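# Overview (structure and organization)
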Amino acid sequence: SAQAAPFDPNGADWEGCSRLVDLAREELGVTRVQVLEEVDYERLGSSDGLLLIHPEGSYDLDELSAFMKMGGRVAVVDDFGDGDRLLDRFRIIRGPAPTDPLQMLRGNPQLPIATPASGHPIVADVAQVVLNHPTTVKHADLSSLLRIPRVGGEVGPDVALAGQVGEGRLVALGDPSIFINQML
């Protein structure tokens, strides 16, 4: 029987994330990239980073906050999973994508094309990102990373934000699909 699950880090099918894991290991080294079902917060150090893709189930908000305050980095990449709890903790509001994006793949507004909204290092070498049924993110004090421009020249909403939490960093991105094998 065949089995596949969205965002499976070992999944080589179209909706798996094995290509992301391979890219991370190529870029950072095999020993620095670990795929975990659960986070052991006591093992995290200030130089570590966590990528939470479409989190489901429980995770400890106090531990994640403490980790970031001591210098750790967390990226929550989620559209309709349990990332709301973390976003709420930092007053990040999630919303719907615009129905009138300036650019979209195959004329489908559910596949809008986002562009860098700043010169932030995270998006320094990015020209555009094709999204897949994204949600938007909003926070007045965080740096805008990616935005969905709208028809008529409107700036459009943010789909990715970054900010500092204590000595660490937080990134919020409203579309985990960008990391599945087919989208990469």
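Anyway, here's the lowdown on the structure attached to this text.

## Some remarks on the overall build of the chain
A count of helices and strands for the chain gives 3 helices and 9 strands. Going from N to C terminus, the chain has its helices and strands arranged as α-β-α-β-α-β-β-β-β-β-β-β. Counting only C-alpha atoms, the chain reaches 50 × 45 × 30 Å along its principal axes. Within the chain, the proportion of its 184 residues that are buried is 42%. A separation threshold of at least 6 residues defines the contact pool for the chain, and within that pool the share at least 24 residues apart is 55%. With the model as given, the accessible surface of the chain reaches about 10,500 Å², and the carbon-plus-sulfur share is 49%. Separation of charge centres in the chain, based on 15 positive and 27 negative side chains, amounts to 5 Å.

## Some words on the environment of N10
Examined against the element boundaries, N10 turns out to sit in the segment before α1 (18-28). Considering only alpha carbons, one finds N10 and V21, 11 residues apart in sequence, at a separation of 8.1 Å.

## Thoughts on the pattern of salt bridges
Inspection of the entire model under this criterion finds 7 salt bridges. For D78, the salt bridge identified is with R94, shortest N-O distance 3.2 Å. Here the residue D78 occupies a position in the loop between β2 (73-77) and α3 (84-89), and R94 occupies one in strand β3 (residues 93-96), the gap between them amounting to 16 residues. In this structure, D100 engages R150 in a salt bridge whose closest nitrogen and oxygen atoms are separated by 2.8 Å. Of the two residues, D100 sits in the loop between β3 and β4 (113-116) while R150 sits in the loop between β7 (143-147) and β8 (158-165), which places them 50 residues apart along the sequence. Each of D78, D84 and R94 takes part in salt bridges that share partners, so that together they form one network.

## Thoughts on the nonpolar core
Formed by 21 residues in total, the largest nonpolar core has its most connected members in L64, V74, L86, F90, I92 and L170. Elements that contribute at least two residues to this core include exactly β1 (49-53), α2 (61-69), β2, α3, β8 and β9 (168-173). For I92, the residues in contact, after removing those within four places along its chain, are L87, V137, K138, H139, L142, L161, L170 and A172. One finds L131, I148, V171 and L173 within the second-largest nonpolar core, a separate group that totals 17 residues.

## Topic: the sheet that holds β4
Across the sheet, which stays open at both edges, the 7 strands sit in the order β1-β2-β9-β8-β7-β4-β5 with mixed pairing between neighbours. Each having just a single partner strand, β1 and β5 (129-130) make up the two edges of the open sheet. By the bridge criterion, 2 bridges tie β4 to β5 in an arrangement that is antiparallel. Looking at β5, one finds that A114 is bridged to V129.

## Comments concerning a negative patch on the surface
Judged by side-chain charge, D40, E42, D60 and E63 come together as a negatively charged surface patch. As for its position among the elements, D40 is in the loop between α1 and β1. A relative accessible area of 40% means that D40 is categorised as partly exposed.

Definitions and cut-offs
- Residues numbered from 1 in each chain as written.
- Predicted model: local features only at pLDDT ≥ 70, side-chain atom pairs only at ≥ 80, totals over all residues.
- Heavy atoms only, no water.
- Helix = DSSP H or I, 4+ residues; strand = E, 2+ residues; numbered from the N terminus.
- Buried < 20%, exposed > 50% of the residue type's maximum accessible area, 1.4 Å probe, protein only.
- Contact = heavy atoms within 4.5 Å.
- Areas by Shrake-Rupley, 256 points an atom, 1.4 Å probe, with all protein chains shown as cover.
- Lys, Arg positive; Asp, Glu negative; His and termini not counted.
- Charge placed at Lys NZ, Arg CZ, Asp CG, Glu CD.
- Salt bridge = Lys/Arg side-chain N within 4 Å of Asp/Glu carboxyl O.
- Core = buried A, V, L, I, M, F, W, Y, C linked by side-chain atoms within 4.5 Å.
- Pairing = 2+ DSSP bridges.
- Patch = residues over 30% accessible without salt bridge, like charges linked within 9 Å, V, L, I, M, F, W, Y side chains within 5 Å.

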